Amino acid sequence: MKKALFFDIDGTIWNDDRWIPDSTRAAFRKMKERGHYLFICSGRTRVFIPDKQLMPLGFDGILAGCGTYGEFQGEVKFYHQIPQADILRVNDFLRSVDAAYVLEGRYFLYLDEERFPGESSFPKRIKGEMGEKLIPVTGNEKRLEVSKFCANYLEDVQKQKELERVLEPDFTVIHRGGDFMEIVPKGYNKATGIREICRILGIAHEDTYSFGDSTNDLDMLEYTAHSVAMGDGMQEAKDVAEYVTAPLKEDGIYRACEHYGLV
């Protein structure tokens, strides 16, 4: 029976240096030979997913932007864009509380480098990865195309509370650890993306598997019939997963696939 497997990227498929274990590559190859569906399921929006490094692993589809975008065999199946008026209001509010943030869309990421602390390496790193696909927010307000966004925690505690209070009615704020928040429209997450692509493709729920390591993976780990947390992942992910595997660098993906008889 054909299975559908959904993989987070960062901390699951590869580490911070984008190193992918040979055993992970072998697991993907064997599962493709068995005819299973392989999907990326990422918080990254589509433009931020590096096809050249990931698609040769054998993926059939991509769920991006925490469930706001789905494609299968190169064809877009669904996409939710935050309405222009709403993202403009959000942008004005984030500026009013002096937030450092990045707006994320299907085609571009938008970031004003001067909003980040001088010691932050984040803008330079993103610029190095994205090149011309990273453009400023300022000056491009009329062409913003956004499905989610991220922000740093604010040093002012009261402003941080205000940020969460204002955004909460329309967005889910995911606390990713450190000083990083991922903010997604209400009603969308990795689980909703999985549910929608499975509906489109006629994949039974009992044939679904998810693999993750972080708090933005919790919804899919709870939703799929079978779920795997990486051994070096966040405790929150381990608490909700059906199976906790070895760390990424210790063949965690392959061992989990062996556990479920997928390879």
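Look up a bit, the structure's there.
Criteria and thresholds
Residues numbered from 1 in each chain as written. Predicted model: local features only at pLDDT ≥ 70, side-chain atom pairs only at ≥ 80, totals over all residues. Heavy atoms only, no water. Pairing = 2+ DSSP bridges. Helix = DSSP H or I, 4+ residues; strand = E, 2+ residues; numbered from the N terminus. Contact = heavy atoms within 4.5 Å. Axes fitted to C-alpha atoms, helices over the stretch in contact; angles between N-to-C directions. Phe/Tyr/Trp six-rings, centres within 6.5 Å; stacked < 30°, edge-to-face > 60°. Lys NZ or Arg CZ within 6 Å of the ring centre and 35° of its normal. Polar contact = N/O pair within 3.5 Å; in protein donor to acceptor, adjacent residues only side chain to side chain. Core = buried A, V, L, I, M, F, W, Y, C linked by side-chain atoms within 4.5 Å. Buried < 20%, exposed > 50% of the residue type's maximum accessible area, 1.4 Å probe, protein only.

Draft legend 1. Focus on the sheet that holds strand β9 (residues 148-152). Overall, mixed pairing links the six strands, which are arranged β8-β7-β6-β9-β11-β10 in an open sheet. The sheet is open, and its two borders are formed by β8 (134-135) and β10 (171-175), each paired with just one other strand. The sheet contact formed by strand β6 (residues 101-104) and β9 spans four bridges and is antiparallel. Each bridged residue has a counterpart across the sheet, and for Tyr 101 the counterpart in β9 is Ala 151. Together, β9, β10 and β11 (180-185) form the strand contacts of helix α5 (residues 157-167), whose direction differs from that of β11 by roughly 15 degrees.

Draft legend 2. Highlighting the packing of aromatic side chains. Taken as a whole, this structure holds 14 aromatic pairs when the rule is applied. One aromatic cluster in this structure is built from Phe 6, Tyr 37, Phe 39 and Phe 72. Over the face of the ring belonging to Phe 48 we find Arg 44, whose NZ or CZ atom lies 4.3 Å from the ring centre. Over the ring of Phe 108 we find Lys 133; its NZ or CZ atom is 5.3 Å from the centre of that ring.

Draft legend 3. The arrangement of the side chain of Thr 45 in detail. Looking at the element boundaries, Thr 45 is found in the loop between β2 (37-41) and α2 (51-54). At 3.0 Å, the side chain of Thr 45 forms a polar contact with the backbone oxygen of Gly 105. Setting aside its immediate chain neighbours within four residues, Thr 45 contacts Ala 64, Gly 65, Glu 104, Gly 105, Leu 109, Ser 147 and Lys 148.

Draft legend 4. Structural context of the nonpolar core. Counting 30 residues, the largest nonpolar core has Phe 7, Phe 28, Met 31 and Phe 211 as the members making the most contacts within it. Counting only elements with at least two residues in this core, the list comes to β1 (4-7), α1 (22-33), β2, β3 (61-64), β12 (208-212) and α9 (252-259). Excluding its chain neighbours within four sequence positions, the residues that come into contact with Phe 7 are Ile 13, Phe 28, Met 31, Leu 38, Phe 39, Ile 40, Cys 41, Phe 59, Phe 211 and Ile 253. With 23 residues, the next largest nonpolar core counts Phe 149, Leu 163, Phe 171 and Val 173 among its residues.

Draft legend 5. Quick look at the sheet that holds strand β14 (residues 243-244). Pairing in this open sheet of eight strands is mixed, and the strands run β5-β4-β3-β2-β1-β12-β13-β14 from one edge to the other. Edge strands, defined here as strands with exactly one partner in the open sheet, are β5 (75-79) and β14. Against the sheet, helix α6 (residues 190-201) contacts β1, β2, β3, β4 (69-72), β5 and β12, and its axis sits at roughly 130 degrees relative to β5.

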